[in-house]
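# Coordinates in review
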Amino acid sequence: MAVQGTALANGMRIATDAMEHVESVALGVWVDTGTRFERPETNGIAHMLEHMLFKGTPRRSARAIAEEIEAVGGSLNAYTGRETTAFHASVLKEDTALAIDVIADILQHSLLDPAELEREKTVVLQEIGQALDTPDDVIFDQLQSTAFPNQMLGRPVLGTEDTVRALTRDDLAAHLGAYYTPDRMILAASGRIAHERVVELAQAAFPGRAAANDRPAAAPAQYRGGEHRDQRTLEQ
């Protein structure tokens, strides 16, 4: 294995781990944003934006985004955490360029259609309901809220019913513009790849873009801790 790293002129960082004994590539873009960077009134926006970035661009419909990767036997997915949002794909080595192109397209050119947003709110509200009825999800959310009370690190990644219902397209566009800039992204790839080729593809897919200067910095974490007890009836 040979791990290499490169920083592009626009601030994006590229990390690769060449593995000559495989015929596939696992890659993704990790964005320096998550629940910690939200405001209390927009709690859940990072997760909602993750959903909405798969709903279409000028070049691809939501169906095309899924089918282009699936048609070559690959997979495409994403997840949101409290400090990071990731978009990742697994493909055969010859489809590396396609995977990078699809991810770059959705991160930079998503339409954020208001009608799609209203439909996706229903999906996220169902996720919230499911999480509230899943003991381990409840426990870890309560752990965070007890460790970091009245801080964004202590708030749920999914948000709340009230904050999710209140989100608008303008909210999503503002968050996208503030945080989804190359200087806050790492493109990492592992498998049958050449580092120089990944750098070349990244430079073409993520052209220079000025960093936002008005985005709020994450507040330093203030650990408080304590004890929290919650007795409720669960289906599980």
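That block above? That's the structure.
Residues numbered from 1 in each chain as written. Predicted model: local features only at pLDDT ≥ 70, side-chain atom pairs only at ≥ 80, totals over all residues. Heavy atoms only, no water.

## Focus on a nonpolar patch on the surface
For clarity, the threshold we go by: Only residues whose relative accessible area exceeds 30% and that form no salt bridge enter a patch; like-charged residues are grouped when within 9 Å of one another, and nonpolar side chains (Val, Leu, Ile, Met, Phe, Trp, Tyr) when within 5 Å. Computed by Shrake-Rupley with a 1.4 Å probe, the accessible areas treat only the displayed protein chains as cover when residues are assessed. Each salt bridge in this description consists of a side-chain nitrogen of Lys or Arg and a carboxyl oxygen of Asp or Glu lying within 4 Å of one another. Counting from the N terminus, the helices are the DSSP runs of H or I reaching at least four residues and the strands are the DSSP runs of E reaching at least two. Any residue under 20% of the maximum accessible area for its type is buried, any over 50% is exposed, and the rest in between are partly exposed; the area is computed with a 1.4 Å probe on protein chains only.
Residues Ile 139, Phe 140 and Leu 143 make up a contiguous nonpolar surface patch of about 330 Å² in total accessible area. Position of Leu 143 relative to the elements: it lies in helix H5 (residues 135–147). Judged by relative accessible area, which is 48%, Leu 143 ranks as partly exposed.

## Remarks on the packing of helix H3 (residues 96–109) against helix H8 (residues 195–205)
Quick note on the threshold: Fitted lines through C-alpha atoms serve as axes, helices being fitted only where they are in contact, and the angles separating the N-to-C directions of these axes extend from 0 to 180 degrees. The labels follow the angle: roughly parallel below 35 degrees, roughly antiparallel above 145, roughly perpendicular from 65 to 115, and oblique for the rest. Helix crossings fall into two classes, left-handed where the near helix is turned counterclockwise from the far one by less than a right angle and right-handed where it is turned clockwise. We call two residues contacting when some pair of their heavy atoms lies within 4.5 Å. Residues were grouped as follows: Ala, Val, Leu, Ile, Met, Phe, Trp, Tyr, Cys and Pro as nonpolar; Asp, Glu, Lys and Arg as charged; and all remaining residues, including Gly, as polar.
Packing of H3 against H8 brings their axes to within 10 Å, and their N-to-C directions diverge by 30°. Taken as axis vectors, H3 and H8 run roughly parallel relative to one another. Crossing of H3 against H8: the hand is right-handed. Taken together, the residues of H8 that come into contact with H3 (itself represented by Thr 96, Ala 97, Ile 100, Ala 104 and Gln 108) are Arg 197, Val 198, Leu 201 and Ala 205. Residue composition of the contact of H3 with H8, grouped by class: six nonpolar, two polar and one charged.

## Examining H8
Note the threshold: In this description, the arc belongs to the directions extending from the helix axis to the C-beta atoms.
Looking only at H8, the buried set comprises His 195, Val 198, Val 199, Leu 201, Ala 202 and Ala 205. Looking straight down H8, one finds its buried side chains confined to an arc of 165°; they lie on one side. Projecting away from the buried face of H8 at angles above 90 degrees are the exposed residues Glu 196 and Ala 204. Turning to H8, the residues buried within the fold contact strand S1 (2–7), strand S2 (13–18), H3 and strand S6 (185–191).

## Considerations on the sheet that holds strand S5 (residues 85–92)
To keep things clear, this is the line we draw: At least two bridges found by DSSP between two strands is the condition for calling them paired.
Reading across the sheet, the six strands line up as S1-S2-S6-S3-S5-S4 and stay open at both edges, with mixed pairing between neighbours. If you trace the sheet from one side to the other, it starts and ends with S1 and strand S4 (75–80), each paired once. The average undirected angle you get between the axes of adjacent strands in this sheet is 15°. Judged from the six bridges that link them, S2 and S6 form a sheet pairing that is parallel. Across the sheet, residue Ala 18 finds its bridge partner in S6, namely Gly 191. Contacts between H8 and the sheet are confined to S1, S2 and S6, with S2 contributing the most and set at about 150° to the helix.

## Description of the pairing of S6
Of the two faces of S6, the one holding Met 185, Leu 187, Ala 189 and Gly 191 is buried and the one holding Ile 186, Ala 188 and Ser 190 is not buried anywhere. Two strands pair when backbone bridges link them, and strand S3 (residues 24–31) and S6 are joined in this way by seven bridges, in the antiparallel orientation. Pairing of Val 29 across the sheet is with Leu 187, part of S6.

## Here's the deal with the packing of aromatic side chains
For any pair of aromatic rings, the description consists of the separation of the ring centres together with the inter-plane angle of the planes. Here is the rule: Ring pairs are drawn from Phe, Tyr and Trp, using the six-membered ring of Trp, whenever the two centres fall within 6.5 Å, and their geometry is named by plane angle: stacked under 30 degrees, edge-to-face over 60, tilted for the rest. Should the NZ of a Lys or the CZ of an Arg lie within 6 Å of a ring centre and within 35 degrees of the ring normal, that charge is described as sitting over the ring.
All chains considered together, the criterion is met by four aromatic pairs. Each ring, one from Phe 87 and one from Tyr 180, has its centre 6.2 Å from the other, and the planes form 65°; the classification is edge-to-face. Taken together, the residues Phe 87 in strand S5 and Tyr 180 in the loop between helix H7 (169–179) and S6 connect sequence positions 93 residues apart. Here Phe 87 and Tyr 180 have matching classes, each one buried. In this structure an aromatic cluster arises from ring pairing among Phe 54, Phe 87 and Tyr 180. Residue placement shows Arg 184 over the ring face of Phe 37; its charged tip is 5.0 Å from the ring centre.

Function cannot be inferred from these measures alone, as they are strictly geometric.
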